[in-house]
Every structure is written in structure tokens, then in C-alpha cells.
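So you can see what is in the structure, the chains are spelled out below.
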Amino acid sequence: MQNQNDFDLIVRSGENIISNPLNPFSLEKKIGDIGIKNGRIAAIQKQILGSKAPIWDAQNLTVLPGVIDSQVHFRDPGHPEKEDFASGSKGAVLGGITAVFDMPNTKPNTSTVETFQAKLKEVSSKSYCDFGLFAGATNDNTSQLIEMEKIQGCCGIKIFMGSSTGDLLVSEDEFLRRVLRTGQKMISVHCEDENRLVQRKQIAIDRADPVAHPEWRDVESAVLASTRIVNLAKEVGRRIHVLHVTTAEEIEFLKQNKEIATIEILPQHLFFSSPDCYQKLGTFVQMNPPIREIRHQQALRKAIQEKVINVVASDHAPHTREEKQKTYPNSPSGLTGVQTILPLMLNFVNEGLLDLFYLSQLMSINPAQLFKAKGKGGIYIGQDADLTIVDMNKTHTIRTEQMATRCGWTPYDGVTVKGWPIATLIRGQFAMERDKVFNPQGKPIQFN
Ligand code: DOR
């Protein structure tokens, strides 16, 4: 008979990236066993002896703290033809992601207590991974933001300073100030200057070619918005998280302002560059803010090497093939990516751009700490047993057919990467094991 104090599962002999319990940012690599009990990490030892618990052999595999994708658009509710929480989160766990934070530009927008509660109820029954939901800011919903923030599962507030997919927008200083003074959770900001985007839209219409996308939504549009929001954040004394930074200029500026602003970048801006990407993939790499010339890609890569980036996320933003095939600029912006973000980043590790410790910081420890996700981010005793188990030596070619996304395409079709997720464990349960996905059991995360 099994001892009541025994573990529920032992992950055996993996190369574990573990945190110091007193400092989750301090990481070390240790080969050994992880004992899991009641969904939590209960032991980390060289070898756990005398247990009758089931054993999962992780020899020659790397065990990362559960990888979080802190920016996805799962389109639930409103656009099941593009995605819903089931298909989106299935892609997540297939790609080694244990938790996602989902954006509020849904239909209806997630910008009132009523829409937030309805979304929470709907997605709770069908998510394959744990999740947080953003509350969308508008010019006049501060009282709603305050109430939404209090709901379990609300990870923070999202501001669109420039129009993108949907109609969420807060572009003027007066209203931005008001949102910055609201609530306490993290405020994540899409920085493109609406006035400038409107002034320059004709460039896109005249050119009718996606290669003009970074010209329409130019460097100045991004810099203007980032500068404005950082200055407002300083004035109000509220920390902000600047999403999907794309320009060398913003990196330099944000580096000088790290006490008030943290930086997110996306793998697509590290991987693709203009104009080649538009020549090859057309509107299928059209996104906001755009993929830009090589000098920006180089600046982002350098920023990774210098460790000035806080978070890497996917901004998974599916649209159907039919929509993407419309003539530019009638084609919608957004790339799929939740299932491919980790393989791409593991490949960057194998190429020497960063190491596994920094990867774990960017995609697990930092998002958990910045958003204050309870029990998440870091392998140490007492934490949720969220583990992303990867094979750093497995070479794999990404194919559209393998994607769970309902929109049925990936810009990475045919790309070969080295490094692949083998299993995704969430609170001690397998969500994915060797490409097999188990029943959805994702839960809303508590953000303190
Ligand atoms: O390209 C984008 N697509 N950028 C965004 O900000 C929104 C996203 C979407 O929801 O489609």
C-alpha cells in the first residue's frame, strides 16, 4: 500500500532548472528527481528513494519551470472561426506552454465586469492550460476596471494606444492618465501613436503592398507612443509593461527607464526582418507593431544578449486564411505563434543567442513575478508543479498540419528548429505528453 505521505508522481533524473526558494531569480541546473504531491512541488533531490509513486523518466531531457505566454489573443468570445480558448490553449500545451494571459480585444470587448465574468465562465471549462485574462481599458471604464481587477483570474489592464484589431483604444493623454491612476495590477501597453497612424494610413492604401506596413506604422509611431506613456507613468508613479517593442530607438529609451517600464519582445521580431519577410510571406507576416528592417532585429538580439529584455511572449493573433488573403491594407494584422514560441526560443538557445537560465527568466520567472501570478514561475518546493520538459537535442520541422490553431496556418511552416517540448505538466497533471493532449483542466490563476 502506498504511504499517504508519498508523492503522486516523480519526474526522474531530468536536468532541472531550479530556483533558490529565497530568490526565484537565482537559477541553477541540477540533475535529479522532482517529487510532486497534490499538484505542488514537494521535493527536489538527487534521487528520491523508497517511493511507490509513478515515475516519469526525464533522463537526457531538460525540465524548465512552466513556460508562460503572457500575450495571446484566443478570440473567445466572438471569433470562433479564428480561434477559441480550447483550440488556442491546445496549441499552447502542445508547444510546452503551461499558462497564458489572454487579451481583451474580443467581441464583445472584455471591458466590463459583465463581459469579464462571462468570458471567465466560458473559458474556464475549456482551457487546456492555466490562464489569466486582461481587462481592456477604454476612455470611460475606470470604475469597471477597478471591479474587474478584483476578480480571480484578472492578470492586469491592457491599453491600446493605437488602433489594431478591434476597437479598444485609449489614445489621449487625459484618458491615459486616468487609466494609469486606476487599480493596482500590471498595466500592459500597446505603443503606437494613433494620431500618427491615422495621418499616415494613406501610405498603406497607395502602396497596397504589405512591404509598406513598417512605413505606414513607422519607427516614429512606436517611439512617440512609448515615450508618451513612460512620461505619463512617471508623472503618475505607476509601473507599466511595454508590449512587443520593435525598434532600436525604443530599446535605448526604455533601458534608461527601467525603474518604471518593463520590456516585452516577440520571437517574430527576432526571427523575421523587412523587406524579405513581406516578399516571402506577404500579409501572413503583417502584424502590429510591424516586423521592421534588419537593424531593429539586430538591436533586439543585442538587447537579449545584454539581458535588458524582461519578457518574451508570442502575441498569438490568429485570423483566417481568407481574411489574411485580402488585399493589403484590408488584410488584418496578427501572426499565430503560441505553439511555436518555445521551439523557436529553444532554437535560439541552441544557436547561442541566450542560455536556458535567461530563457526561464524571460518566459517563466519574470512574467510570474511582474504579474504576481500565485504559485507560478520557478521550480522550488511549494510552487505549483508546472513543468515544461524539453529535449534540447531534438530537431524538428514545423508544419502547418501540426498546428492546433483553428485558423490553420503558421508563418514558420517548413522551419527546422533544434529543441522541442516533450511534455507539459500543469499543477502535477500532464496536459501534453509526446504530442498527446489530455483533457482540458486549466484554471484561472490568482494574481495578487
Ligand atoms: O498584429 C496584431 N494583432 N497586433 C495587435 O495589437 C492585435 C493583434 C490581434 O488581435 O489581431
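Residue positions are given per chain, counting from 1 as you read along its sequence in written order. Given that this is a predicted model, residues contribute local features only at a pLDDT of at least 70 and side-chain atom pairs are listed and counted only at 80 or more, while totals for whole chains, interfaces and linings are drawn from all residues. Derived side-chain values reflect all non-hydrogen atoms in the structure, with water molecules and hydrogen atoms excluded from consideration.

The next subject is the pairing of strand β12 (residues 261-265). The buried label goes to any residue with under 20% of its type's maximum accessible area, the exposed label to any with over 50%, and the partly exposed label to all in between, with areas taken from a 1.4 Å probe on protein chains only. Going along the chain from the N terminus, every DSSP run of H or I of four or more residues is numbered as a helix, and every run of E of two or more is numbered as a strand. With five of its five residues buried, β12 lies for the most part within the structure. The alternating pattern of β12 places A261, I263 and I265 and T262 and E264 on opposite faces, both of which are buried. Note that β12 and strand β13 (residues 311-312) share two bridges and pair parallel. When the sheet's bridge partners are listed, I265 is paired in β13 with V312. For two strands to count as paired, DSSP must find a minimum of two bridges between them.

Turning our eyes to something else, we now look at the environment of L9. Take L9: it is sitting in strand β1 (residues 9-20). Classification of L9 as buried rests on a relative accessible area of 9%. Residues L9 and S360, spaced 351 residues apart in sequence, show a C-alpha to C-alpha distance of 23 Å. Contacts are assigned to residue pairs that have any heavy atoms within 4.5 Å of one another. Those residues in contact with L9 that lie beyond four places of it in its chain are I34, G35, I36, A53, P54, W56, L425, G428 and F430.

In this section: the layout of surface pockets. Grid spacing is 1 Å over the protein atoms alone, the probe is 1.4 Å, and a cavity is where that probe fits but cannot get out, while a pocket is an open set with protein on both sides within 12 Å along at least five of seven lines and lining residues have an atom within 4 Å of a point. Grid points are joined across faces, edges and corners, and a volume is the space filled by probe spheres set on the points. Of the voids in this model, the largest pocket is the one considered here, and its volume is about 350 Å³. The wall of the largest pocket is formed by 24 residues, among which S164, T165, G166, P332 and S333 lie closest to the centre. Under the convention adopted here, Pro, Cys and the residues Ala, Val, Leu, Ile, Met, Phe, Trp and Tyr are nonpolar, Asp, Glu, Lys and Arg are charged, and Gly plus all remaining residues are polar. Residue composition of the lining of the largest pocket, by class: four nonpolar, 14 polar and six charged.

What follows concerns the sheet that holds strand β10 (residues 186-190). The strand order across the open sheet built from eight strands is β6-β7-β8-β9-β10-β11-β12-β13, with neighbouring strands paired in parallel fashion. For this open sheet the edge positions go to β6 (67-72) and β13, each flanked by a neighbour on one side alone. One ladder, built from two bridges, connects β10 with strand β11 (residues 240-242); its direction is parallel. Looking at β11, one finds that S188 is bridged to H241.

Every α-helical turn comprises 3.6 residues, leaving residues that sit three or four positions apart pointing alike. Among the 10 residues of helix α1 (residues 85-94), nine are classified as buried, and the element is accordingly described as predominantly covered. Residues of α1 that are buried include every one of F85, A86, S87, G88, S89, G91, A92, V93 and L94, and no others. Where α1 is buried, its residues meet β7 (97-102), α2 (113-124), β8 (130-136), β15 (416-426), β16 (429-433) and β17 (436-437). For α1, the N-terminal capping position is held by D84, with its side-chain oxygen 3.0 Å away from the main-chain nitrogen of A86. Just downstream of α1 lies G96, where phi reads positive at about 85 degrees. Identification of polar contacts relies on pairs of N or O atoms within 3.5 Å, with a donor-acceptor requirement for protein atoms, meaning one able to donate a hydrogen and the other able to accept it, and with residues adjacent in sequence counted only if both atoms are side-chain atoms.

Counted residue by residue, helix α13 (residues 341-351) has nine buried out of 11 residues, so it is predominantly covered. Buried within α13 are the following residues: I341, L342, P343, L344, M345, L346, N347, F348 and V349.

Our focus in this paragraph is the packing of aromatic side chains. Aromatic rings from Phe, Tyr and Trp, taking only the six-membered ring of Trp, are treated as a pair when their centres fall within 6.5 Å; an angle between ring planes under 30 degrees marks them as stacked, one over 60 as edge-to-face, and anything in between as tilted. Under the definition given, this model contains 10 aromatic pairs. Ring centres of F101 and F447 lie 5.3 Å apart, and the angle between their planes is 85 degrees; on these two criteria the pair is classed as edge-to-face. You can see F101 sitting in strand β7 and its partner F447 sitting in the segment after β17, a full 346 residues away along the chain. In this pair, the class of F101 matches that of F447, namely buried.

On to the site of the ligand, then. One heavy atom suffices: a residue is near a molecule or strand as soon as one of its heavy atoms comes within 4 Å of it. Looking at the ligand, there are 13 residues lining it, with R75, N105, S164, T165 and N288 nearest. The contact in question runs from an oxygen atom of the ligand to an N or O atom on the side chain of H73, over 3.2 Å. All accessible-area figures derive from a Shrake-Rupley calculation using a 1.4 Å probe, and residue coverage is judged against the displayed protein chains alone. Taking 290 Å² as the accessible area of the ligand by itself, protein coverage stands at 100%. Split by residue class, the shell around the ligand holds three nonpolar, nine polar and one charged.

Attention shifts here to the pattern of salt bridges. Put simply, a salt bridge is a Lys or Arg side-chain nitrogen that is within 4 Å of an Asp or Glu carboxyl oxygen. Per the stated rule, a full pass over the model turns up 27 salt bridges. Here R196 makes a salt bridge to D218, at a shortest N to O gap of 2.5 Å. With R196 in helix α5 (residues 194-207) and D218 in the loop between α6 (213-216) and α7 (219-236), the pair connects residues that are 22 residues apart, well separated along the chain. Here the two residues R196 and D218 agree in accessibility, since each one is buried. Salt bridges sharing common partners tie together R40, D130, K376, D384, D386 and R427.

Further remarks concern the packing of α7 against helix α8 (residues 248-255). Two packed helices can be described by the angle between their axes and the distance between those axes. Lines fitted to C-alpha atoms define the axes, with helix axes restricted to the stretch in contact, and inter-axis angles between N-to-C directions lie between 0 and 180 degrees. Taken N-terminus to C-terminus, the directions of α7 and α8 make an angle of 15 degrees; their axes are 9 Å apart at the nearest point. In terms of their interaxial angle, α7 and α8 are classed as roughly parallel. For the crossing formed where α7 meets α8, the hand is right-handed. On the side of α7, the interface is formed by V219, A222, V223, S226, T227 and V230, while α8 contributes E249, E250, F253 and L254. Of the residues in the contact of α7 with α8, the class split is six nonpolar, two polar and two charged. Angular relationships are summarised with four words: roughly parallel below 35 degrees, roughly antiparallel beyond 145, roughly perpendicular across 65 to 115, and oblique for the angles in between. Take the far helix as your reference; a near helix turned counterclockwise from it by less than a right angle gives a left-handed crossing, and one turned clockwise gives a right-handed crossing.

Let's shift gears to the pairing of β15. Most of β15 sits inside the fold, with nine of its 11 residues counted as buried. As paired elements, strand β14 (residues 387-397) and β15 share eight bridges and run antiparallel to each other. Each residue of the ladder has a partner; that of T388, found in β15, is T424. By the bridge criterion, four bridges tie β15 to β16 in an arrangement that is antiparallel. Note on β16: the bridge partner recorded for A423 is E433.

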